[in-house]
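Observations on the three-dimensional arrangement
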Amino acid sequence: VQAEPLCSILRILDQGQEENEFRERILNAAVHLKSFAGQLEEQRAAAVHGEELTEALRHELLQEKQAGAAEHHECLRVTEEECIALRQERDEFMEALQQVDETREENY
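Residues numbered from 1 in each chain as written. Predicted model: local features only at pLDDT ≥ 70, side-chain atom pairs only at ≥ 80, totals over all residues. Heavy atoms only, no water.

Focus on the overall build of the chain
Put simply, the rule is: Labels follow the DSSP assignment, with helices taken as runs of H or I lasting at least four residues and strands as runs of E lasting at least two, numbered in each case from the N terminus. As defined in this context, the radius of gyration uses C-alpha atoms, and a globule is described by 2.2 Å times the residue total to the power 0.38. The cut-offs for exposure are 20% and 50% of the maximum accessible area for each residue type, with area from a 1.4 Å probe on protein chains only; residues under the lower value are buried, those over the upper are exposed, and the others partly exposed. Throughout, the Shrake-Rupley method with a 1.4 Å probe supplies accessible areas, and for residues the shown protein chains are the sole cover considered. Only four residue types enter the charge count, namely Lys and Arg as positive and Asp and Glu as negative; His and the chain termini do not. For this purpose, a charge sits on NZ of Lys, CZ of Arg, CG of Asp or CD of Glu.
From N to C terminus, the chain includes 1 helix and 0 strands. Rg of the C-alpha trace for the chain: 46 Å, well past the compact-globule value of 13 Å for 108 residues, more than 25% over. Judged by the C-alpha coordinates and their principal axes, the chain covers about 160 × 15 × 5 Å. Taking all 108 residues of the chain together, the buried fraction comes to 0%. As presented, the chain carries roughly 10400 Å² of accessible surface, and 58% of it is formed by carbon and sulfur atoms. Of the charged side chains in the chain, 11 are positive and 26 negative; the average position of the first set lies 11 Å away from that of the second.

See below:
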């Protein structure tokens, strides 16, 4: 007769133990989830930082490219001006040679 209340008490204790184990598993899962969330946040921050670095590098490369293009354009302009000046000198020299030739012909 006394075994039945003892069994009830043991069942209640067993149920309590199961509930404690379940709570412990839930708490462990919550700790793991919190850790995982922290890792995800770190990865997200690293990705954002990576995107910012990529954008900064892209901007820097674009500026270098534009500066290089401007420098190249300036070199072409200077080269073209030098070319025009050399042509003028050549034309003047050819004119002078022609005058020398004409003067020679006149003298002979």
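What follows continues from the structure just given.
Some words on the pattern of salt bridges
Under the convention used in this document: Criterion for a salt bridge: a side-chain nitrogen of Lys or Arg within 4 Å of a carboxyl oxygen of Asp or Glu.
Inspection of the entire model under this criterion finds 5 salt bridges. Of the charged contacts, one joins Arg-44 and Glu-41 as a salt bridge, the two residues approaching to 2.7 Å between their closest N and O atoms. A residue pair is termed a helical-turn pair when its members lie 3 or 4 positions apart in one helix, as Arg-44 and Glu-41 do in helix α1 (residues 3–107) at 3 residues. Glu-41 gets classed as partly exposed once you look at its relative accessible area, which sits at 40%.

Examining a nonpolar patch on the surface
Cut-off, in case you're wondering: Each patch groups residues whose relative accessible area exceeds 30% and which form no salt bridge, using 9 Å between like charges and 5 Å between nonpolar side chains of Val, Leu, Ile, Met, Phe, Trp and Tyr.
Together, Leu-6, Ile-9, Leu-10 and Leu-13 make up a nonpolar patch on the protein surface, roughly 400 Å² of accessible area in all. As for its placement among the helices and strands, Ile-9 is situated in helix α1.

Looking at the environment of Gln-17
Its location among the elements puts Gln-17 in helix α1. For the pair Gln-17 and His-73, spaced 56 residues apart in sequence, the C-alpha separation works out to 83 Å.

Comments concerning the environment of Glu-60
Following the sequence through the fold, Glu-60 ends up in helix α1. For the pair Glu-60 and Phe-93, spaced 33 residues apart in sequence, the C-alpha to C-alpha distance is 49 Å.

What to know about the state of the cysteines
Definition in use: Pairs of cysteine sulfur atoms within 2.5 Å are what we label disulfides.
Under the definition given, this model contains 0 disulfides. Here Cys-75 is not disulfide-linked; the sulfur of Cys-83 is the nearest cysteine sulfur, at 15 Å.

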